[in-house]
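Topology and contacts: notes
Listed below are the residues making up each chain.
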Amino acid sequence: MVNSRYIYSPVSPTQLTAIILFVVGLFLTQVSVAAVPQKHENFPQGVPTINPGSELWREIRRRDGSGEFNEVNQGLLVNELLREMRNSQQIQQGISQVGQVDSGVLINAQGKRWALFRMTTLADYSAIAIAAIFVIIVLFFVIRGKVSIEGGLSGNVVKRFSDYERVVHWTLAIVFLFLAITGLILLLGRPLLIPLFGKDFFALLASASKEGHNLFGPLFLVSLIMMLISFGRRNIYEKGDLTWLLKGGGLIGKGHVSGGFFNMGEKTWYWMVILIGLVISISGLILVSPNFGQGRLIMEFTHILHVVSAMILIVVSIGHMYLGSIGSEGALEGMKSGYVDINWAAAHHDRWGKLCREQDLIVSAEEYARLQGQTGSISQPVTEQGK
Amino acid sequence: MIEYLVDGPLWYLSLAVFCTGVVWKLGSIIFTSRKTDLSVARDSATSGAVRTVFSRFLPHREIAASIKMQVIAGYMFHLGLFALLFFAAPHVLFLEEHILGFGWTAMPHWAFIVSAQFAFLGLIMLWLRRLVNPVSRLISTLDDHVAAILTFIVMLTGCFALLEGSPALRLLHRFTVELWLIYFPFSALMHTFTFVPSRAFTGAWFGRRGIDA
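Worth saying up front: this structure is predicted, and the values here are computed from it rather than measured. (Residues numbered from 1 in each chain as written. Chains lettered and ligands numbered in written order. Predicted model: local features only at pLDDT ≥ 70, side-chain atom pairs only at ≥ 80, totals over all residues.)

**Points about the overall build of chain B**
Counting its secondary structure elements, chain B contains 10 helices and zero strands. Of the regular secondary structure in chain B, the N- to C-terminal order runs α-α-α-α-α-α-α-α-α-α. Dimensions of chain B, computed from C-alpha atoms along their principal axes, come out at roughly 65 × 40 × 35 Å. Split into buried and exposed, the 213 residues of chain B put 26% on the buried side. Pairs at least 24 residues apart make up 75% of the contacts formed inside chain B by residues separated by at least 6 positions. (Helix = DSSP H or I, 4+ residues; strand = E, 2+ residues; numbered from the N terminus. Buried ≥ 20, exposed ≤ 12 C-beta atoms within 10 Å, placed from the backbone. Contact = placed C-beta atoms within 7 Å.)

**Some words on the nonpolar core**
Core analysis: the biggest nonpolar cluster contains 52 residues, and Val175(A), Ala116(B), Ala119(B) and Phe120(B) have the highest contact counts within it. Breaking this core down by element, the ones donating at least two residues are helix H5 (163-197) and helix H6 (199-231) of chain A together with helix H4 (68-87), helix H6 (109-132), helix H8 (142-160) and helix H9 (167-183) of chain B. The element that contributes the greatest number of residues to this core is H6(B), accounting for 12 residues. The residues contacting Ala116(B), other than those within four sequence positions of it, are Leu215(A), Gly80(B), Leu84(B), Met155(B) and Cys159(B). Formed by 14 residues, the second largest nonpolar core is a distinct cluster that contains Val157(A), Ile342(A), Ala346(A) and Trp352(A). (Core = buried A, V, L, I, M, F, W, Y, C linked by C-beta atoms within 7 Å.)

**A short note on the confidence of the model for chain B**
Mean pLDDT for chain B: 92, with 100% of residues reaching 70 or above. Reported confidence for the predicted complex is 0.90 by ipTM and 0.80 by pTM. (pLDDT = per-residue confidence, 0-100.)

**Considering the interface of chain A and chain B**
Contacts between the two partners involve 28 residues from chain A and, on the opposite side, 32 residues from chain B. Looking at the side of chain A that touches chain B, the elements that each hand over two or more residues are helix H1 (13-35), H5 and H6 of chain A. Top contributing element to the side of chain A that touches chain B by residue count: H6(A), with nine residues. Partitioning the side of chain A that touches chain B into residue classes produces 18 nonpolar, seven polar and three charged. (Nonpolar A, V, L, I, M, F, W, Y, C, P; charged D, E, K, R; others polar.)

**Observations concerning unusual backbone geometry**
For residues other than glycine, phi is negative in most cases, and the peptide bonds are mostly trans. With phi around 55 degrees, Asp360(A) is a residue other than glycine that occupies positive phi space. With respect to the helices, strands and loops of the structure, Asp360(A) is situated in the loop between helix H12 (350-358) and helix H13 (365-371).

**With respect to the packing of H6(A) against helix H8 (residues 264-288) of chain A**
Residue and element names in this part refer to chain A. Running from amino to carboxyl end, H6 crosses H8 at an angle of 150 degrees, the nearest separation of the two axes being 9 Å. Classed by the angle they form, the pair H6 and H8 counts as roughly antiparallel. Relative to H8, the crossing made by H6 is left-handed. The residues of H8 that touch H6, namely those facing Asn214, Gly217, Phe220, Leu221, Leu224, Met227, Leu228 and Phe231, are Tyr270, Ile274, Gly277, Leu278, Ser281, Gly284 and Val288. Residue classes in the contact of H6 with H8 are distributed as 10 nonpolar, five polar and no charged. (Axes fitted to C-alpha atoms, helices over the stretch in contact; angles between N-to-C directions. Parallel < 35°, antiparallel > 145°, perpendicular 65-115°, else oblique. Left-handed = near helix turned anticlockwise from the far one by under 90°.)

**A short note on the confidence of the model for chain A**
Predicted coordinates in areas of low pLDDT are best not read in detail. Residues and elements named next belong to chain A. Overall, the predicted model of chain A reaches an average pLDDT of 80, with 72% of residues at or above 70. With pLDDT under 50 throughout, residues 31-46 is counted as low confidence; its partners more than four residues away or in other chains account for four contacts. Low confidence marks residues 377-387, where pLDDT is under 50. Its contacts with residues over four positions away, or in another chain, come to 15 contacts.

**Here's the deal with the environment of Leu287(A)**
Residue and element names in this part refer to chain A. With respect to the helices and strands, leucine 287 occurs in helix H8. With 17 C-beta atoms packed within 10 Å, leucine 287 lands in the partly exposed category. Leucine 287 sits 19 residues away from histidine 306 along the chain, and the two C-alpha atoms are 8.9 Å apart. Leave out the neighbours within four places in its chain, and leucine 287 touches Met299, Thr302, His303 and His306.

In structure tokens, the structure reads:
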């Protein structure tokens, strides 16, 4: 006999109930899907009654006054009315049998202006912004160089991020990069890629990018929510953050400035990601679901908002990537292994570093190597004495 | 030429490699000779096997809290991929026209999108977890990474071809599927089929000894 103390049921009643409900739910979903008649190509879909031109003719007759058909007058009036509509600053709304948003608008002059803005101003300034940030980074690197740690790396580390936090960070990063690349292809591909690869290839790439962008969009919102839950509390502003800002975060001039677990710069970047990310996500959802009654004007405005906010985030994220990798010694380790060098912590986050020392949270180089599964010899840390 | 190759010989070759490989691997696992267990059975091996096959769908109580993310992401990915494979309208149509000769009700488009998003998010998180956790990283082989990346690429090309407006994107998706099918029997992807005999074997072994594990 087996001692009953060591036996536990692998499936508790609650879990069993949950499984049964899940299976039944799946079954019911399938049944309900089967019950709904599916669209079929041969099934009559109704007679299309889109005829916004009828309202135009009604307007022409009204202006003509006679109500009788006069070919010469009608032609002149049509031309005049079309010209008026194209040049109008306001959208002229007529009446149509089609009861959908904007179906009474024959010519949307604003649409032309938006298309022009999107093809020229928006695309041009976006390209300039990306080029500018790369130039700034190169100049910064040449002038300031890599931000090094005073005294070098000690080899002794402290735990900074858990596995889950790093997974959340990199998930957001991957989804963001995918969306940024596909979004830039859609925004700048026409002038930049068609001359390089031709129209056929660009058509293929744009189609793929559009589908990928729409599919991954909601994942960005989910990643943002996970980011908010995981990192939100530690990114609330506190006393001392303003001093960090006034001293330029230590990037300008010599010496590092005081900071907690996250410094003012990191906190500002975090809230930028969350808030601008929310604007991008919500505007993206409005664009991807045009069947909720939003008209062309709302879609055009939302599109501009989506692109402008995304460009801000893309440009600043390039700076973030630089500072988090080659721009700052030891910074990438936090998101790679979850541990950072104690000297790095003291230099960039001195208040947190001090707390780690006080609470004896420092992990020795040997222990860290063991935790990382490095069985061979570990690289010797560079210290002031070791130089 | 490429269209002919991808839709024709390569498709049949990949299908043949997949079917032969899976049958051969499963057969070699199931029919491999084992030493007869001479010990007195304390409990039923069969009930232990059946119980373990199903009980492993939930994490052990002792470790449930610490592997919450893997469990949630794991279910998101596997259920999402299952729904995509067998209930996406283009797949149902393909299976009906080219393989089975009959079809079933496909998911509506919105469910297709949601399933794809679940599968993508789950796969990304699982793969990242494999990379960031030192223990997972150490026990992971090149095959694990190739399998994850190849599956991701297959799903990605599928989502690129979602519009069904470009023959080139459809071909790209089909080509990656063929690569995936050829790689499948020689890789960790075989766990799609081996998880049942693996669990059953462990369950039967424990069950015979009266261990409730």
